[in-house]
Amino acid sequence: MPHTNPYFNEVIEAHRLIEQWLGEGEVPEEVCDRLIARFSEQYSMIGIAGNALDFAGLCGFFRANGSAKSGLEIEVFDLRTVAEWPTGAVISYQEKQRLADITTRRYSTAVFERTAQGNIVWRHLHETSSAL
């Protein structure tokens, strides 16, 4: 069931597409296109290993890794609004990823922008690894 918060819905839908693109078998390239369209061209990220990634790096990662994590399951929970303004928001959430016998958990903080067309795009993401 969708949340009333459009930013929460964006987090959930983006992770559903990530799970589909990385974790399922033969997936149409259109799924990757829809996924990439959710991110700003000014996107930046700090991953759980401390590595920085920009929009070009994100696109390269997704394009190169379709179906690379067969069976991947992603659960997003504990979504919270840190701050919100008319053209964006900062949202924190927790995420569990399961692949075979390995489960990882991370805390994430995402900055979102609304485009001139009113679409919500990911502007920045910072992930921190967490013990289970």
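Preceding this paragraph is the structure being described.
Parameters at a glance
- Residues numbered from 1 in each chain as written.
- Predicted model: local features only at pLDDT ≥ 70, side-chain atom pairs only at ≥ 80, totals over all residues.
- Heavy atoms only, no water.
- Core = buried A, V, L, I, M, F, W, Y, C linked by side-chain atoms within 4.5 Å.
- Buried < 20%, exposed > 50% of the residue type's maximum accessible area, 1.4 Å probe, protein only.
- Helix = DSSP H or I, 4+ residues; strand = E, 2+ residues; numbered from the N terminus.
- Contact = heavy atoms within 4.5 Å.
- Polar contact = N/O pair within 3.5 Å; in protein donor to acceptor, adjacent residues only side chain to side chain.
- Phe/Tyr/Trp six-rings, centres within 6.5 Å; stacked < 30°, edge-to-face > 60°.

## Remarks on the nonpolar core
With 32 residues, the main nonpolar core has Phe62 and Trp122 as its most contacted residues. Broken down by secondary-structure element, the contributors of at least two residues to this core are α1 (6-23), α2 (29-36), β1 (39-46), α3 (55-64), β3 (73-85), β4 (88-99), β5 (102-114) and β6 (120-130). Here this core gets eight residues from one element, more than from any other, and that element is α1. Setting aside residues up to four positions removed in sequence, Trp122 forms contacts with Glu10, Val11, Ala14, His15, Arg38, Phe39, Ser40, Tyr43, Tyr93, Ala110, Val111 and Phe112.

## What to know about the side chain of Asn5
Inspection of the secondary structure assignment puts Asn5 in the segment before α1. A distance of 3.2 Å separates a polar atom in the side chain of Asn5 from a polar atom in the side chain of Thr81.

## Some details on the packing of aromatic side chains
Evaluated as defined, the whole model comprises six aromatic pairs. Measuring from ring centre to ring centre gives 5.8 Å for Tyr7 and Phe112, while their planes differ by 40 degrees; the resulting arrangement is tilted. Highlighted residues: Tyr7 in helix α1 and Phe112 in strand β5, separated in sequence by 105 residues. Across the pair, exposure class does not vary: Tyr7 and Phe112 are buried alike. On the numbers, 5.0 Å between centres and 75 degrees between planes, the contact of Phe39 with Tyr43 is edge-to-face. A relative accessible area of 8% places Phe39 in the buried class. Note on Tyr43: relative accessible area 3%, which makes it buried. Taken together through their ring pairs, the aromatic side chains of Tyr7, Phe39, Tyr43, Phe61, Phe62, Phe112 and Trp122 make up a single cluster.

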